[in-house]
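# Tertiary structure, described
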Amino acid sequence: MSELSERFETAEAGAKQVGEKIRCDACPVMCYIAEGRTGACDRYGNVGGRIVRCDPLTILEHTAEAGSAVVSFAGEEWDGELVNTGRRFVTAIGAGTTYPDYKPAPFIISQEVEGVDLVTVVTEGIFSYCGVKVKIDTDRHIGPETATVRAQGEAVGHVTTGEYGSQMLSLGGVHHLTGGSKAEGRVTCETLLDLCNRKPVELAVDGGATIIVEAGKAPIIDGQMEHRMRVGCGSATIGMFATQWRGLVDEVVVVDDHITGVVSEHQAGKVLGWEDTGIKILGRRSTPGRYFKVSEPGVGWGGTTISDPLSILGDWNPKKGARPGLSLLMVSTTGEQFAYFELDDDLKPVEKPFPERLRKSVGLIEDNCEPALCTVLFVGGAGGSLRAGVVENPVNLTRSVQGLNTYVTVGGAPTYIWPGGGITLMVDVMRVPENAFGYVPTPALVAPIEFTLRRDDYLRLGGYASEIRTVEDIVASGGEYLNPRAQKAAAADNPWPPLQQLRRVPPGGAS
Ligand code: SF4
């Protein structure tokens, strides 16, 4: 049983015990926690008879000048000095949650920056509706679309539609978290937490591959680390490199699961005056020089099942240009697999030592491939009760976010807010400080969330005016959960504050 699983088990037991223990009310589990111990989620403890948030409140230091060096202070606690060369941003990491949310959020901070009076409301949101979208840069077939993805044998998501050069997974969501068995919910929660906190997770696709996914790292598929993302489909590869091959070889076939390209037939080859070769591709011809379905998807050449590239060729036609000695290059879309052939007297391709003259062009394909990475985007619905901790009338916050008058961040990282109703946000976990995500055993993920808006807007929306504090006050005296403050260097590409957006005059409001 994993550490997290044990905590899920003890959560229920803990909630029933009272005695000398004190109750944490930061989530619906309502743990009773003994002196010196922590609750089920490990985020709150009983220290001297008070509920204390165990991790420090994270305050990000933004360097004064764009592009100046960023030094990590990860793990260091605030040293008490108010030396600040740049701008500070109080994140929700370590802020705590006020559950249920009729109370104001743990910290409501005012800050004047370049003449703009801003308010930032921070809380650690409990996301019952949440999941991750995972992009895996690979051509390899990881499993059929809609196939179930498992962790520790439990269903945690599915394979979704592939993107250009990448396979995609959709993991988590309320149905896996709370709609299935307890084990399914527990494992889903653990999987999401690890992925969001940039830890490696092993996933198995039904009828497909086993993949180790870690945000910002290369995927490992069936034990093999993926190094390169394909340069493009076979047709795109022909388009990019046809001129490199002109005069060096009579025919080029770029093998790809999506579109296999043939240079002599392709528009790019035609424009360059490439002559017919009488080649025959065993696949479904889409347009000249572009073939679908030369093979089933797999882990061979160009994301196909092919290990012998000649298996996709039919008979060569002498009436259309095939002749003894005709030269042929076959290459995959990453340039990792390649082979050279010449037609013999019977017009059969015979593999020959790879000629030096073609090495540069194959190397060029490899050079143009980007490194293969796993990308993890956290997706959560913030349109629920946590809004009541920000303003008294929750729909005002939704409208302000949708109207771009309120800027939403997760641990200081910019988010993408989906158009339409609610507040459905998406954030790249690589832009969020490490270990910013937590969980509660309901099960749900806990993610830091900050809402920044102009002070006049905040008051107009029904914000908690009497709860507004300064950054200095928060640094000096902290908050309800008695935890220390820690400073960290902000990521250089996470802008603060978003003045360009917030400077604009709100509809019907003062400037
Ligand atoms: S699970 Fe964590 S947040 Fe919830 S009541 Fe227990 S200690 Fe508090």
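As a reminder, the structure under discussion sits directly above these lines.
Structure report, in brief. Quick caveat, the model's predicted, so the values are computed rather than measured. (Residues numbered from 1 in each chain as written. Predicted model: local features only at pLDDT ≥ 70, side-chain atom pairs only at ≥ 80, totals over all residues. Heavy atoms only, no water.)

### Concerning the site of the ligand
For clarity, the threshold we go by: Nearness of a residue to a molecule or strand requires only that one of the residue's heavy atoms be within 4 Å of it. Here the term charged refers only to Asp, Glu, Lys and Arg, the term nonpolar to Ala, Val, Leu, Ile, Met, Phe, Trp, Tyr, Cys and Pro, and the term polar to all other amino acids, Gly among them.
In the vicinity of the ligand, the contacting residues are Cys24, Ala26, Cys27, Met30, Cys31, Gly39, Ala40, Cys41, Arg43, Tyr44 and Pro441. Residue classes in the shell around the ligand are distributed as nine nonpolar, one polar and one charged.

### Description of the sheet that holds strand 5 (residues 57-62)
Each strand in a sheet pairs with its neighbour through backbone hydrogen bonds, running either in the same direction (parallel) or in the opposite one (antiparallel). Definition in use: The criterion for strand pairing is that DSSP finds at least two bridges linking the strands in question. To qualify as a helix, a DSSP run of H or I must reach at least 4 residues; to qualify as a strand, a run of E must reach at least 2; elements of each kind are numbered from the N terminus. Fitted lines through C-alpha atoms serve as axes, helices being fitted only where they are in contact, and the angles separating the N-to-C directions of these axes extend from 0 to 180 degrees.
One open sheet holds the three strands; their spatial order is 6-5-32, and the pairing between them is mixed. Both edges of this open sheet fall to strand 6 (87-90) and strand 32 (485-489), since each of them pairs with a single strand only. Taking the axes of each pair of neighbouring strands and ignoring which way they run, one obtains an average angle of 30° across the sheet. Relative to strand 32, strand 5 runs parallel, the two sharing five bridges. When the sheet's bridge partners are listed, Glu61 is paired in strand 32 with Ala489.

### Brief notes about the environment of Ser235
Heads up, the rule is: Relative accessibility thresholds used throughout: buried, under 20% of the residue-type maximum; exposed, over 50%; partly exposed, between the two (1.4 Å probe, protein chains only). Residues count as neighbours in contact if any of their non-hydrogen atoms are within 4.5 Å of one another. Between N or O atoms, a polar contact is any pair within 3.5 Å; within protein, one atom must be a potential hydrogen donor and the other a potential acceptor, and residues adjacent in sequence are included only when both atoms are from side chains.
By secondary structure assignment, the location of Ser235 is in helix 4 (residues 234-245). Taking relative accessible area as the criterion, Ser235 reaches 10% and is therefore assigned buried. Spatially, the C-alpha atoms of Ser235 and Gly261 are 4.6 Å apart, while their sequence positions differ by 26 residues. When residues no more than four places from it in sequence are discounted, the contact partners of Ser235 are Ile259, Gly261, His266 and Arg290. Side-chain polar atoms of Ser235 contact the side chain of Arg290, separated by 3.2 Å.

### Examining the sheet that holds strand 20 (residues 290-292)
Strand order in this open sheet of seven strands is 19-20-18-17-21-22-23, and the pairing throughout is mixed. With one partner strand each, in any of the chains shown, strand 19 (284-287) and strand 23 (349-352) form the two edges of the open sheet. Recorded for the sheet is a direction-independent mean angle of 30° between the axes of neighbouring strands. In this sheet, strand 23 lies alongside strand 22 (residues 338-343) in antiparallel orientation, the contact comprising four bridges. Bridging from a neighbouring strand, Leu343 pairs with Pro349 of strand 23. Helix 4 contacts strand 17 (251-255), strand 18 (260-262), strand 20 and strand 21 (327-332) of the sheet and is inclined by roughly 150° relative to strand 17.

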